[in-house]
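Analysis of the macromolecular model
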Amino acid sequence: YRDVEPIFSAAKVSIDVVKTKRQGEAIEIAEKIDIEAYDMIVSCSGDGLAYEIFNGLGKRPDAKRALGKLAVVHVPCGSGNAMSCNLNGTHSTSLAALAIVKGVKTPIDLISITQGNTRTLSFLSQSVGIVAETDLATEHLRWLGPARFTYGFLVRLLRKTVYPCDIAIK
């Protein structure tokens, strides 16, 4: 916050801050947000909160309009900051905030995945097998920072874990 707030203030950006307290809360917030009251939703987090925001906007009855109207932007503050790195070219919070206030539009492709009756939106990449499990199974190791991914990968590699699946693509 200390690196980002002065940049937003200098640019005269009006800010409403909501601190999420639990996983899935950003989905609920984005699903109910008044899209006419805001130009963007800024995720100060890792990639997970941006993922929740996209999915909340995607659950709305006016999903196409909401996803087209509101910019979803990212200030990198987590262990996975691929969105900021890809869209802003940086892992720096202050440089990402500067890119946001400059208003440079950078489109991002979303993928829609359906499993049974559940539809999920994803961005940047979709993974199965060792990459997905390494991410999901190391949630309890977030205190390790990015090293959690290396540790998780090595554990699964040494165990020779197999991931059978069927994938169909239209």
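Now for a description of the structure that goes with this document. Since this is a predicted model, take the numbers as computed values, not measurements.

Some thoughts on the pattern of salt bridges
If you walk through the whole model with that rule in mind, you get seven salt bridges. Between aspartate 135 and arginine 148 there is a salt bridge, with its nearest N and O atoms 2.9 Å apart. Of this pair, aspartate 135 sits in helix α7 (residues 130-136) while arginine 148 sits in helix α8 (residues 147-158), and the two are 13 residues apart along the sequence. For aspartate 135, a relative accessible area of 34% gives the class partly exposed. Note that glutamate 139 and arginine 142 form a salt bridge whose closest N and O atoms lie 3.0 Å from each other. For glutamate 139, a relative accessible area of 39% gives the class partly exposed. The exposure class assigned to arginine 142 is partly exposed, which follows from its relative accessible area of 43%. Among the charged side chains, a salt-bridge network with shared partners connects Asp135, Glu139, Arg142 and Arg148.

Looking at the nonpolar core
Of all hydrophobic cores here, the largest spans 14 residues; its most connected members are Ile33, Ile41, Ile53, Leu57, Leu70, Val72 and Met83. Taken together, the elements giving at least two residues each to this core come down to α2 (25-32) and α3 (47-58). In terms of residues, this core owes the most to one element, α3, which gives four residues. Non-local contacts of leucine 57, meaning those with residues more than four positions away in its chain, are made with Ala30, Glu31, Ile33, Ile41, Ala63, Ala66, Leu67, Leu70 and Val72. Judged by nonpolar contacts, the second largest core, of six residues, contains Val4, Val73, Ala97 and Ile100.

Side note on unusual backbone geometry
Despite not being glycine, lysine 12 has its phi angle at roughly 60°, a positive value. Along the polypeptide, lysine 12 turns up in the loop between α1 (5-10) and α2.

A short note on α8
In an α-helix, one full turn covers 3.6 residues, which means residues spaced three or four apart are oriented alike. Its 12 residues give α8 an end-to-end C-alpha distance of 17 Å, which sits within 8% of 16 Å, the value for a rise of 1.5 Å per residue. By the burial criterion, the buried members of α8 are Arg148, Gly152, Val155 and Arg156. Buried residues along α8 cover an arc of 95° about the axis, so they all sit on one side. Where α8 is buried, its residues touch α7. At the C-terminal side of α8, lysine 160 shows a positive phi close to 55°.

Here's the deal with the environment of glutamate 133
Position of glutamate 133 relative to the elements: it lies in helix α7. The sequence separation of glutamate 133 and glycine 152 amounts to 19 residues, and the corresponding C-alpha distance is 8.1 Å.

Cut-off values and rules
- Residues numbered from 1 in each chain as written.
- Predicted model: local features only at pLDDT ≥ 70, side-chain atom pairs only at ≥ 80, totals over all residues.
- Heavy atoms only, no water.
- Salt bridge = Lys/Arg side-chain N within 4 Å of Asp/Glu carboxyl O.
- Helix = DSSP H or I, 4+ residues; strand = E, 2+ residues; numbered from the N terminus.
- Buried < 20%, exposed > 50% of the residue type's maximum accessible area, 1.4 Å probe, protein only.
- Core = buried A, V, L, I, M, F, W, Y, C linked by side-chain atoms within 4.5 Å.
- Contact = heavy atoms within 4.5 Å.
- Expected span 1.5 Å × (residues − 1).
- Arc of directions from axis to C-beta.

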